[in-house]
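What follows is the residue order along each chain.
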Amino acid sequence: MTDWFNKQRYLIDFSLAALARRKVRNFGLLAVYSLLVFVLASVMLFTQGLRQEAKTVLASSPEVIVQRLVAGRQDLIPPGYLERIGRIRGVQKKEARLWGYYYDPVVKANYTFMVPGETPPAAGELVIGPALARARGLAPGNLISFRSYSGKLFTFKVAAVLPQASELMSADLVLLGTDDFRAFFDFPADHYTDIALSVANPSEVRNVASKLAAALPDSRPILREEVQRTYASLFDWREGIVLTILSGALLAFAILAWDKASGLSAEERREIGILKAIGWETGDVLRMKFWEGVLISCSAFLIGYLAAWVHVFHLDGALFRPVLQGWAVLYPQFSLPPRVDGLQLATLFFFTVFPYTAAVLVPIWRAAITDPDAVMRT
Amino acid sequence: MKKPRPSTIALTMLAVGLVGLAASGVEAVLHAGEEDRAGAALVQRLGLTDLALFTEARYTRHPALADDHAAFQDHPMSFDHFPSASLVVPPRHD
């Protein structure tokens, strides 16, 4: 065992000396390789983090949301609609909700106005989301005016700012009382935006949805599992799009690695010929080159992956921010809790480390099995 | 002092990298129970359905609640105004 270990160490020493002879080329390759792993791993960790976050946070969203459709577009819930739902067995709690969008021309941002079901703010007061507070420079106790869609100016007092920890969910929220909401939007009396239903038994949810569709044909029930699926596929899709764009870079690297690894230079051929001529066996030459491939690819993988980890979980994915931000003015500042998926890590390792190591070995094997004299002469 | 062999330096550096990899795994395990509790509490209290990632349009702010036919939804032949609309997933066809 010690003999074997010592032999491998001498081979590694030899490989490193060979790598050091072409310092610039090999360091360049290591840098590009690490960068590629960094980008791929960043996308993977970031989307995985967001997907998990959406899954855990949205696990407590309402079981069923009922919208009413008119000509295929969402419309307000008219008076009496809520009472018709009440007769469906399995529905534990039903709550008509008031919410809507408001475009603030001052900062060119959209807000989500909402009336909380429990403990709404007092009349004339608002509770606002942290990104909104930042964008308008507001703190509790400040006054803010909005011009409503009817043209009237409304002034509210900021009662509180929602906690920064929940910013991923609440960046643009404006919570206000029912009367303020109705007055501000000139909302028709006894009408609501949609209805949230609580269903006690999870296996009853689909039944409730089908009964709803039969009783109220103009309704569109949206189940919690559909909401969660929307988010799972949203991030899969996004990850897929980014990876598709990156596949160009991946192919370019594959060509570079293949070219570097498979196109043996005359110098390398001569080196192999000399090694064989002085008594190295084919197996030793292969082992030496194997270590060369392993050292480069494993170093690049570790450097790239650890840099991606720091980027996503400790620097909050700073490089992705402009891409994710889109055209929105309000963008949540959030940190994702560190998460790792073993299968994804193994996939990344397999697709970045193995091809390179294999690409190094094949041509060397072909050179190493030929006659040393012929190798040296070519 | 004797200069260390190149293989010693290289293997030590790889070992440091592996320790880093293990440390990242340990960090993930330590934070495993640390979900966004404030966010989850708010979701429960207000009945929220969506993440506030893209606030520019209703179908990107609330993709779960937006119209079924999201593309061109403002009126026929209206292209989406916002780049994130191109990132929002098309409906499933199953």
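Residues numbered from 1 in each chain as written. Chains lettered and ligands numbered in written order. Predicted model: local features only at pLDDT ≥ 70, side-chain atom pairs only at ≥ 80, totals over all residues.

**Section: the overall build of chain A**
Across its full length, chain A carries 13 helices and 11 strands. Here the C-alpha atoms of chain A give a radius of gyration of 31 Å, more than 25% beyond the 21 Å that 2.2 N^0.38 yields for 378 residues. In terms of principal-axis extent, the alpha carbons of chain A reach across some 95 × 45 × 40 Å. Burial statistics for chain A: of 378 residues in total, 35% are counted as buried. Expressed as a percentage of contacts within chain A between residues at least 6 apart in sequence, the contacts between residues at least 24 apart total 81%. (Helix = DSSP H or I, 4+ residues; strand = E, 2+ residues; numbered from the N terminus. Rg over C-alpha atoms; globule rule 2.2 N^0.38 Å. Buried ≥ 20, exposed ≤ 12 C-beta atoms within 10 Å, placed from the backbone. Contact = placed C-beta atoms within 7 Å.)

**So, unusual backbone geometry**
If a residue is not glycine, its phi is most likely negative; likewise, a peptide bond is most likely trans. All names here are of chain A. At T119, a residue that is not glycine, the phi angle is positive and equals roughly 40°. Phi is positive for D190, close to 60°, though the residue is something other than glycine. When you line up the elements, D190 lands in the loop between α6 (178–185) and β10 (194–199). Residue classification places D190 among the partly exposed positions, given that 14 C-beta atoms sit within 10 Å.

**Overview of the packing of helix α2 (residues 23–57) of chain A against helix α10 (residues 282–314) of chain A**
All names here are of chain A. Between α2 and α10, the least distance of the axes is 7 Å, while the angle of their chain directions is 40°. Regarding the angle of α2 to α10, the classification is oblique. In the packing of α2 onto α10, the handedness of the crossing is right-handed. Split by residue class, the contact of α2 with α10 holds 19 nonpolar, seven polar and no charged. (Axes fitted to C-alpha atoms, helices over the stretch in contact; angles between N-to-C directions. Parallel < 35°, antiparallel > 145°, perpendicular 65-115°, else oblique. Left-handed = near helix turned anticlockwise from the far one by under 90°. Nonpolar A, V, L, I, M, F, W, Y, C, P; charged D, E, K, R; others polar.)

**Quick word on the domain arrangement of chain A**
All names here are of chain A. When the domains of chain A are assigned, the result is domain 1 (2–58 + 230–377) and domain 2 (62–223). In this structure, domain 1 and domain 2 have C-alpha centres spaced 49 Å apart. Each partner contributes residues to the interface: domain 1 has eight residues there, and domain 2 has 11 residues. Residues of the side of domain 1 that touches domain 2, tallied by class, amount to six nonpolar, one polar and one charged. (Domains from an automatic or database assignment.)

**Section: the sheet that holds strand β6 (residues 125–128) of chain A**
Residues and elements named next belong to chain A. Across the sheet, which stays open at both edges, the six strands sit in the order β4-β5-β9-β6-β8-β7 with mixed pairing between neighbours. Both outer strands of the open sheet, β4 (99–104) and β7 (143–147), are each paired with one neighbouring strand and no more. With strand direction ignored, the average angle separating the axes of adjacent strands in the sheet is 40°. Judged from the six bridges that link them, β4 and strand β5 (residues 109–114) form a sheet pairing that is antiparallel. Residue W99 lies in a different strand from β5, and its bridge partner there is M114. (Pairing = 2+ DSSP bridges.)

**Overview of the environment of A:G141**
Residues and elements named next belong to chain A. Following the sequence through the fold, G141 ends up in the loop between α4 (130–136) and β7. Judged by C-beta crowding, with 9 C-beta atoms within 10 Å, G141 ranks as exposed. Linking G141 and E125, residues 16 residues apart in sequence, is a C-alpha distance of 9.4 Å.

**Brief notes about the pairing of β5(A)**
Residue and element names in this part refer to chain A. Of all six residues that make up β5, five are buried, and the element is covered over most of its length. In this sheet, strand β9 (residues 173–175) lies alongside β5 in parallel orientation, the contact comprising three bridges. Bridging from a neighbouring strand, F113 pairs with V174 of β9.

**Here we look at the packing of α10(A) against helix α12 (residues 342–368) of chain A**
Residue and element names in this part refer to chain A. One way to put it is that α10 packs onto α12 with a least axis distance of 9 Å and a crossing angle of 155°. As far as their axial angle goes, α12 and α10 are roughly antiparallel. α10 and α12 meet at a crossing whose hand is right-handed. Residues T282, V285, L286, K289, F290, E292, G293, V294, S297, C298 and F301 of α10 lie in contact with α12, whose contacting residues are F349, T352, V353, Y356, T357, V360, L361, I364, W365 and A368. Classifying every residue of the contact of α10 with α12 gives 14 nonpolar, five polar and two charged.

**Thoughts on the confidence of the model for chain B**
In low-pLDDT regions, the fine details of the predicted coordinates are not to be read closely. With 65% of its residues at a pLDDT of 70 or more, chain B shows a mean pLDDT of 77. Within chain B, the element-level pLDDT minimum falls on helix α3 (residues 58–61) of chain B, averaging 79, and the maximum on helix α1 (residues 6–30) of chain B, averaging 92. (pLDDT = per-residue confidence, 0-100.)

**Section: the interface of chain A and chain B**
Every contact between the two is made by 60 residues of chain A and, on the other side, 46 residues of chain B. Secondary-structure elements contributing two or more residues to the side of chain A that touches chain B are α1 (2–21), α2, β2 (73–75), β5, α5 (167–170), α8 (224–262) and α10 of chain A. Classifying every residue of the side of chain A that touches chain B by side-chain character gives 38 nonpolar, 13 polar and nine charged.

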